[in-house]
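# Inside the fold
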Amino acid sequence: MEKYGVIVIGSGPGGYTAAIRSAELGYKTAIVEKEALGGVCLNYGCIPSKSLLKNAEIARLLRGKPQDYGIQFSDLKFDYAKAVERSRKVSKRLNQGVAFLMKKNKIDVLEGAASFKDAHTIEVSLADGSSTYEADHFIIATGTVPIAIKGMEPDGERILNYRQAIVQAELPGSIVIVGGGAIGVEFATLWNAYGAKVTVVEMKDHLLPNESEEAGLELAKSFKKQGINVKTGTSLAGVEKQKSGVQVHLTGPKGDEVVEADQVLIAVGFRPNTSEMDPEKAGVRLNARGWIETDEFGKTSVDHIYAIGDVTGRILLAHAASTMGRIAAEKISGGKVRAMDLNLVPHATFSHPQVASFGLNETTAAEKKRAVGIGKTFFLSNGKALGINENEGWVKLIFDRRDDVLIGATMVGADVCELLPELTLAAVQRLSAGDIIENIHAHPTLSEAIWEAALDYLMKKDASR
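Residues numbered from 1 in each chain as written. Predicted model: local features only at pLDDT ≥ 70, side-chain atom pairs only at ≥ 80, totals over all residues. Heavy atoms only, no water.

Let us now look at helix 1 (residues 13-24). Its 12 residues give helix 1 an end-to-end C-alpha distance of 16 Å, which sits within 8% of 16 Å, the value for a rise of 1.5 Å per residue. The complete set of buried residues in helix 1 reads Pro13, Gly14, Gly15, Ala18, Ala19, Ile20, Ser22 and Ala23. The inward-facing, buried residues of helix 1 abut strand 1 (2-9), strand 2 (29-33), helix 2 (39-44), helix 4 (80-104), strand 6 (129-140) and helix 8 (318-332). Residue Gly26 follows helix 1 closely and has a positive phi angle near 100°. (Helix = DSSP H or I, 4+ residues; strand = E, 2+ residues; numbered from the N terminus. Expected span 1.5 Å × (residues − 1). Buried < 20%, exposed > 50% of the residue type's maximum accessible area, 1.4 Å probe, protein only. Contact = heavy atoms within 4.5 Å.)

And the structure:
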């Protein structure tokens, strides 16, 4: 039986980051992956979806008003399959990059599904049988799997989950997307740009229910302008497969209705990916919903076993998983580590327009009884936004009125996800609205909206004295 200092189970952003850091810290390290290095994010999620959304951006421009840019053509045709092919090439290239990093850092890659035999031993089902491995420490990074609704399980043809949708080479003529979260609105952006008839159904009262209501309403307003049908406060009652499509039964504010489409995408959430792994055999405690319980450093109920990323249910974001992976590896090594502050984790949704946020918004600030002030500006007055013909949306900054320190932000607009690092860094360093004002922002850039929003807060605060 081969023994390691650290075995990481799962090779997504959290897993491979944890493995690399463990190897850097001097541990003999192995990583277990049953499918493809890079996990869901790299192969079926974050990366290929952004590649497809770039194609969608071009398609939206050419299908919109290309004459505004002095572009004229006839017989415009789109090959959606080529867009999917390009996205697969991007994922493959990055998959090979992760493999190179494993080799460079002398990390053994165990290709198979892992299951615990006891607290120090796992069995890995390999292509030619199975092998048993022992480790001083384990880091579980197995992520999640999409929730399937009983009686409406995905078949890859009429009923899809996100994984089937991301590799589907044929553009649906019409589709109903059940779930208005990040996955739902990004697929809506993609398919609508190519000319599909898209309906988005969200049970909560606004799109992106994990974002502020204001942001969700702003996105819905833009979606409707783009021709996307948005149904909020509406639940899925059932799906009937037809010879050439589906009938989607819905219950909403106006009663029951049926929407016919070629396909339906079920994007209602995720559950932890732990069933094959048998963590209970190692003594690892799960909560009532099946997520692995951890402390702020990722340590489970077993001292030498850590869990990171989506499988913990703490926050389902790739960059959070990467941070958790680094923290867990360094904690295992006995180093002095600062726990991750969930309030400072940036949230990025790559719809059109994009939605970005971190920290508190007005609702969550009120729940915490914080005395806050708001600074807001609209992209309609931003020179860069007007120049690129993307002037929808706004920047809203949340400040603590006691010391003017930035404690949150929500933004809707073109490329606003790229504006997040300045804001999260400002919050980490406890910078104030005055500090942001003193920081010179290049002109013309979208980032000037941050400066304008900080100024708006200070002017309103001065006016209220």
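Moving on from the model shown.
Spatial strand order, 18-19-22-21-20: 5 strands in an open sheet with antiparallel pairing. Lying at the two open borders of the sheet, with one neighbouring strand each, are strand 18 (347-349) and strand 20 (372-378). Here the average twist between neighbouring strands, direction ignored, is 15°. Where strand 19 (residues 354-359) and strand 22 (residues 405-413) come together, 6 bridges link them in antiparallel fashion. (Pairing = 2+ DSSP bridges. Axes fitted to C-alpha atoms, helices over the stretch in contact; angles between N-to-C directions.)

Further remarks concern the nonpolar core. Within soluble globular proteins, side chains that are nonpolar generally end up buried alongside one another. Phe187, Leu190, Trp191, Val198, Leu207, Phe223 and Leu265 are the most contacted members of the largest nonpolar core, which has 36 residues in total. Of all the secondary-structure elements, those providing two or more residues to this core are helix 3 (46-63), helix 4, helix 5 (162-167), strand 9 (174-178), helix 6 (182-193), strand 10 (197-202) and helix 7 (213-226). At 6 residues, the largest contribution of residues to this core is made by helix 6. Counting residues in hydrophobic clusters, the runner-up holds 27 residues, among them Val98, Met102, Ile308 and Val345. (Core = buried A, V, L, I, M, F, W, Y, C linked by side-chain atoms within 4.5 Å.)

Cis geometry marks the peptide bond from His352 to Pro353; its omega dihedral reads 0°. Residue placement: Pro353 occurs in the loop between strand 18 and strand 19. Following His443, the chain continues into Pro444 via a peptide bond in cis, with omega recorded as -5°. Examined against the element boundaries, Pro444 turns out to sit in the loop between helix 12 (433-438) and helix 13 (448-463).

On to the pairing of strand 10. Burial runs high along strand 10: 5 of the 6 residues are buried. Two strands pair when backbone bridges link them, and strand 9 and strand 10 are joined in this way by 5 bridges, in the parallel orientation. Its bridge partner lying in strand 10, Ile175 is registered against Val198. Note on the crossover from strand 9 through helix 6 to strand 10: the handedness is right-handed. Here strand 10 pairs with strand 11 (residues 229-232) via 4 bridges, running parallel. Considered in strand 11, the bridge of Glu202 is made with Thr232. Of the crossover connections in this fold, the one passing from strand 10 over helix 7 to the parallel strand 11 is right-handed. (Right-handed = clockwise from strand over helix to strand, strands pointing away.)

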